[in-house]
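# An overview of the molecular structure
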Amino acid sequence: MTLQTSLAAEAGVGTPILEVKSLCKAFPLPNGGTLEACKEVSWSLWRGESLGIVGESGCGKSTLMKMIMRMLEPTSGEIYLDGVRMGKASGKEAREQRRKIQMVFQDSSQAFDPRMTVADIICEPLYNFGLLKRGETLAIATRYLDMVGLDGSFAKRYPHEMSGGQRQRVAIARALVLEPDIIVFDEATSALDVSVQDAIAKLLVKLQKEKNLTYLFVAHDIAFIRSMCHRVVVMYYGEVVEEVAAKHLTEAKHPYTRKLLSAVFEVTPERKRVVR
Ligand SMILES: Nc1ncnc2c1ncn2[C@@H]1O[C@H](COP(=O)(O)OP(=O)(O)OP(=O)(O)O)[C@@H](O)[C@H]1O
Ligand SMILES: [Mg+2]
């Protein structure tokens with residue numbers, strides 16, 4: 001299920017939907033020093049594209065995503081959404097920027113209130129944005145459950161009454177309900193078994209095509225990243241060391257990327273295909 005690189009991204013034409021420019025994040029250390037979790041990170045993402053961010057544990061991937069989600073303030077650098085600088089907009093525009101980017105976490109259900117039904121969980125973002133009308137919850141939840149391949153009867157369940165895969169589908173439905181342009185997935189399918197991960201991957205590709213969604217994936221599973229993404233950004237100790245089209249990932253030149261690939265890929269010569 002390899003996606004084609006979008007022409008806009010390949011040619012770099014038009015305004016990127018998301019652009020990070022020289023983004024830095026330094027955390028203060030107890031000894032008075034600083035830890036530079038992200039150093040001068042720059043890349044662009046075009047509408048309808050999927051970008052993968054890979055790199056070893058602690059290289060700054062989640063820090064980068066949190067800055068994009070405005071959960072962390074950058075030390076320096078800029079983020080542009082549709083050409084508008086994030087964090088500088090006020091009032092209505094800032095809310096609109098927040099609506100446009102949604103995130104699915106590794107175990108989103110941890111963030112679910114165990115006392116809330118699935119219908120309320122899915123519709124909560126609408127409620128928070130003042131966009132939910134009285135009596136609409138069940139109908140909206142059913143529509144979004146259907147979108148993620150779950151029966152409408154799930155609307156009345158509680159988080160503990162579902163499998164991990166079903167909970168991640170609910171998390172995706174919740175991320176979709178505000179009709180965002182961009183969805184960030186930080187290890188969102190890592191905890192799931194391979195068959196559930198594949199089913200969710202197919203669902204995400206389908207939704208992307210239907211809604212012209214833009215995806216940002218952080219994952220340790222390079223095979224997953226390669227199958228889902230158009231381009232891949234490789235990070236190492238807070239820096240971007242390589243940016244490569246996913247279809248050319250196995251030919252990447254940077255020594256660190258090669259190391260990362262060799263740790264994950266095993267090529268079976270007789271079948272000439274990449275296996276996990
Ligand atoms: N709030 C914080 N305060 C201090 N240091 C932090 C904070 N958040 C992250 N760090 C440090 O910043 C570095 C990057 O962390 P980050 O979570 O971005 O890594 P990651 O690439 O997402 O790793 P993983 O693949 O394990 O999720 C790490 O050394 C981490 O300990
Ligand atoms: Mg992380």
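Not measured: the values here are computed from a predicted model.

A few words now on the packing of helix α4 (residues 118-128) against helix α6 (residues 164-176). In contact at an axis separation of 7 Å, α4 and α6 are set at 35 degrees when each is read in the N-to-C sense. Considering the relative orientation of α4 and α6, their crossing is right-handed. Touching Val-118, Ile-121, Ile-122, Glu-124 and Pro-125 of α4 are Val-170, Ala-173 and Arg-174, all from α6. Residue composition of the contact of α4 with α6, grouped by class: 6 nonpolar, no polar and 2 charged.

Turning our eyes to something else, we now look at the site of ligand 1. Lining the immediate surroundings of ligand 1 are Phe-27, Leu-35, Ala-37, Glu-56, Ser-57, Gly-58, Cys-59, Gly-60, Lys-61, Ser-62, Thr-63 and His-220. A distance of 2.8 Å is found between an oxygen atom of ligand 1 and a backbone nitrogen or oxygen belonging to Gly-58. The contact in question runs from an oxygen atom of ligand 1 to an N or O atom on the side chain of Lys-61, over 2.7 Å. Isolated, ligand 1 exposes 640 Å² of accessible area, and the fraction of that covered by the protein chains is 61%. For the shell around ligand 1, the secondary structure elements donating two or more residues are β2 (34-45) and α2 (61-68). A total of 3 residues in the shell around ligand 1 trace back to one element, the largest contributor, which is α2. Of the residues contributing to the shell around ligand 1, the split by class is 4 nonpolar, 6 polar and 2 charged.

This part covers the side chain of Lys-100. Of note, Lys-100 is situated in helix α3 (residues 91-100). Assessed through its relative accessible area of 18%, Lys-100 is described here as buried. Filtering out sequence-adjacent residues up to four positions away, Lys-100 remains in contact with Leu-81, Asp-82, Pro-180, Asp-181 and Ile-182.

Rules of the game
- Residues numbered from 1 in each chain as written.
- Chains lettered and ligands numbered in written order.
- Predicted model: local features only at pLDDT ≥ 70, side-chain atom pairs only at ≥ 80, totals over all residues.
- Heavy atoms only, no water.
- Axes fitted to C-alpha atoms, helices over the stretch in contact; angles between N-to-C directions.
- Helix = DSSP H or I, 4+ residues; strand = E, 2+ residues; numbered from the N terminus.
- Left-handed = near helix turned anticlockwise from the far one by under 90°.
- Contact = heavy atoms within 4.5 Å.
- Nonpolar A, V, L, I, M, F, W, Y, C, P; charged D, E, K, R; others polar.
- Near = heavy atom within 4 Å.
- Polar contact = N/O pair within 3.5 Å; in protein donor to acceptor, adjacent residues only side chain to side chain.
- Areas by Shrake-Rupley, 256 points an atom, 1.4 Å probe, with all protein chains shown as cover.
- Buried < 20%, exposed > 50% of the residue type's maximum accessible area, 1.4 Å probe, protein only.

It is worth stressing that arrangement in space is one thing and function is another; only the former is reported here.
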